[in-house]
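Each chain, letter by letter, is given below.
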Amino acid sequence: MIEKIEPLGTGTGKIVYSTNDCEDILHFSQAEILDLFKSSGVILFRGFSVTPIQMKAFSEKFSHSYLKDPTKGSLDSVDFVNSVDTGMGASAAHTEHGSSPYQPDVIWFCCTTPAQEGGETLFWDGIQLWKEMSKDTKQLFIDKKLKFTFEDVPLNVLNQWVDCGETIDDCKQVLDQFENFNYQINEDSSFSLKYLCSAVVKTKYGNQDAFANFAWTAHARGWEIFEDGSKFSEEVVDELEKLFDKSTQEISWQAGDLAMIDNSRFMHGRREFKDNRRQLFTTIAKIFD
Ligand SMILES: [Fe+2]
């Protein structure tokens, strides 16, 4: 049973504390945590000395399937648990796998070694971002879909993103299930992919409008943003920069912390760090309804 709980950041997030030194995270009931998760969207569990293996075991109470992430190093002993310490730079706001239709409901992070300085995980509430956006910018995102294109993706690489099977036919069957995901199979059997999606989505819990997407990271990477090939105007960049800045919340990691983030509502990112001992692990999953 949850005994000690405090706000995390300035929004709906919560910190659940261990009240004794040997409290096991696995003792929490699924129902109790899921209830809190639905209303808060971000939970930080502190004082439970969570390891990557315990993170995976705890996440299994809530998850029916896991997603791969080829951009991160995998831990050999634990399927679907990845290190997120590739690079030390800042990471712009994004939803996990937001540039593809195969997105997790929940992203879990656990920290075994925080950076001495920096390396905080940042998060933004998409409901708040959407509420505070100007009418004109809202209209832009209502009028234009976001576009993500990937050229000449080999089958084995595609299969690391979208778990679509070993053969081209298997893959076609899986890809055909996604709306707004067009693909072309090239002569060399690689795939060219185009994903169109709205920047404003409905949250999994509460069905509210949320600005939760991959657009800000696409902008940071210099990609085209919209389906017509356009990018953000200077005015929109200026507005979004100010909006993200004033809405930033953060997790300042302690060893053994575990975080659970609703990927249908919140975007996340990180501050840069210089301490190469920092160790953060993640697993991403589809959750039981
Ligand atoms: Fe991420």
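Residues numbered from 1 in each chain as written. Predicted model: local features only at pLDDT ≥ 70, side-chain atom pairs only at ≥ 80, totals over all residues. Heavy atoms only, no water.

Colleague: Just to check I follow, could you spell out the overall build of the protein for this structure?
Modeller: When helices and strands are counted, the protein shows eight helices and 18 strands. For 289 residues, the compact-globule estimate of 2.2 N^0.38 gives 19 Å, and the C-alpha radius of gyration of the protein, at 19 Å, lies within 12% of that figure. Expressed as lengths along the three principal axes of its C-alpha atoms, the size of the protein is roughly 60 × 45 × 40 Å. Put simply, the protein has 289 residues, and 50% of those count as buried. Sequence-distant contacts, at least 24 apart, represent 77% of the contacts inside the protein between residues at least 6 apart. Surface summary for the protein: the accessible area is close to 13,700 Å², and the carbon and sulfur share equals 46%. With 29 positive and 46 negative side-chain charges, the protein shows a separation of 4 Å between the mean positions of the two kinds. (Helix = DSSP H or I, 4+ residues; strand = E, 2+ residues; numbered from the N terminus. Rg over C-alpha atoms; globule rule 2.2 N^0.38 Å. Buried < 20%, exposed > 50% of the residue type's maximum accessible area, 1.4 Å probe, protein only. Contact = heavy atoms within 4.5 Å. Areas by Shrake-Rupley, 256 points an atom, 1.4 Å probe, with all protein chains shown as cover. Lys, Arg positive; Asp, Glu negative; His and termini not counted. Charge placed at Lys NZ, Arg CZ, Asp CG, Glu CD.)

Colleague: I would appreciate a short explanation of unusual backbone geometry in the present structure.
Modeller: The phi angle of most residues is negative, glycine excepted, and most peptide bonds adopt the trans form. The backbone phi angle of S49 is positive, close to 50 degrees, even though this residue is not glycine. The residue S49 is located in the loop between β3 (42-46) and α2 (52-59) in this model. Phi angles above zero are rare outside glycine, and S189 is one such case at about 70 degrees. With respect to the element layout, S189 can be found in the loop between β11 (181-185) and β12 (191-197). Residue S189 is classed as partly exposed on the basis of its relative accessible area, which comes to 36%.

Colleague: What is the right way to look at the pattern of salt bridges in this model?
Modeller: Opposite charge on two side chains lets them pair, provided their charged atoms get close. Under the criterion given, the structure shown has 11 salt bridges. The shortest N-O distance in the salt bridge between R265 and D125 comes to 2.8 Å. Of the two residues, R265 is situated in the loop between β16 (258-262) and β17 (266-270) and D125 in strand β9 (residues 121-125); the sequence distance between them amounts to 140 residues. Residue classification places R265 among the buried positions, given a relative accessible area of 9%. For E224, the salt bridge goes to K147, with nearest N and O atoms at 2.7 Å. Taken together, the residues span a long stretch of sequence, with E224 in the loop between α7 (215-220) and α8 (234-247) and K147 in strand β10 (residues 146-153) at a distance of 77 residues. (Salt bridge = Lys/Arg side-chain N within 4 Å of Asp/Glu carboxyl O.)

Colleague: Would you take a moment to explain the coordination of the iron ion for this structure?
Modeller: Angles at a metal have ideal values that depend on geometry: 109.5 degrees with four tetrahedral donors, 90 or 180 degrees with six octahedral donors. Taken together, H94 (NE2), E96 (OE) and H268 (NE2) make up the protein donors of the iron ion, found 2.1 to 2.2 Å from the metal. Of note, the donors binding the iron ion are all from one chain and are spaced H-x1-E-x171-H. Of this pair, E96 sits in the loop between β7 (91-94) and β8 (106-113) while H268 sits in strand β17, and the two are 172 residues apart along the sequence. (Donors = N, O, S within 2.8 Å, 3.2 Å for Na, K, Ca; no water.)

Colleague: For this particular structure, what's the right way to read the sheet that holds β11?
Modeller: Strands in a sheet are paired, the pairing made by backbone hydrogen bonds, and the direction either parallel or antiparallel. In spatial order, the strands read β10-β12-β11; together these three strands make up an open sheet with antiparallel pairing. One side of each edge strand has no neighbouring strand; the edge strands of this open sheet are β10 and β11. In this sheet, neighbouring strand axes are inclined to one another by 10 degrees on average, regardless of whether the strands run parallel or antiparallel. By the bridge criterion, five bridges tie β11 to β12 in an arrangement that is antiparallel. The residue bridging Y183 from the neighbouring strand is L193, located in β12. Contacts from helix α6 (residues 168-175) reach β11 and β12 within the one sheet, and its direction differs from that of β11 by about 160 degrees. (Pairing = 2+ DSSP bridges. Axes fitted to C-alpha atoms, helices over the stretch in contact; angles between N-to-C directions.)

Colleague: Could you clarify how one ought to interpret the sheet that holds β17 in this entry?
Modeller: Pairing is antiparallel across the open sheet formed by four strands, whose spatial order is β7-β17-β9-β15. The open sheet has two free edges, formed respectively by β7 and β15 (249-251), since each of these has just one partner strand. Across the sheet, the mean angle separating the axes of adjacent strands is 20 degrees when strand polarity is ignored. Two elements, β7 and β17, share two bridges in a ladder whose sense is antiparallel. Paired with H94 across the strands is H268, a residue of β17. Together, β7, β9, β15 and β17 form the strand contacts of α8, whose direction differs from that of β9 by roughly 110 degrees.

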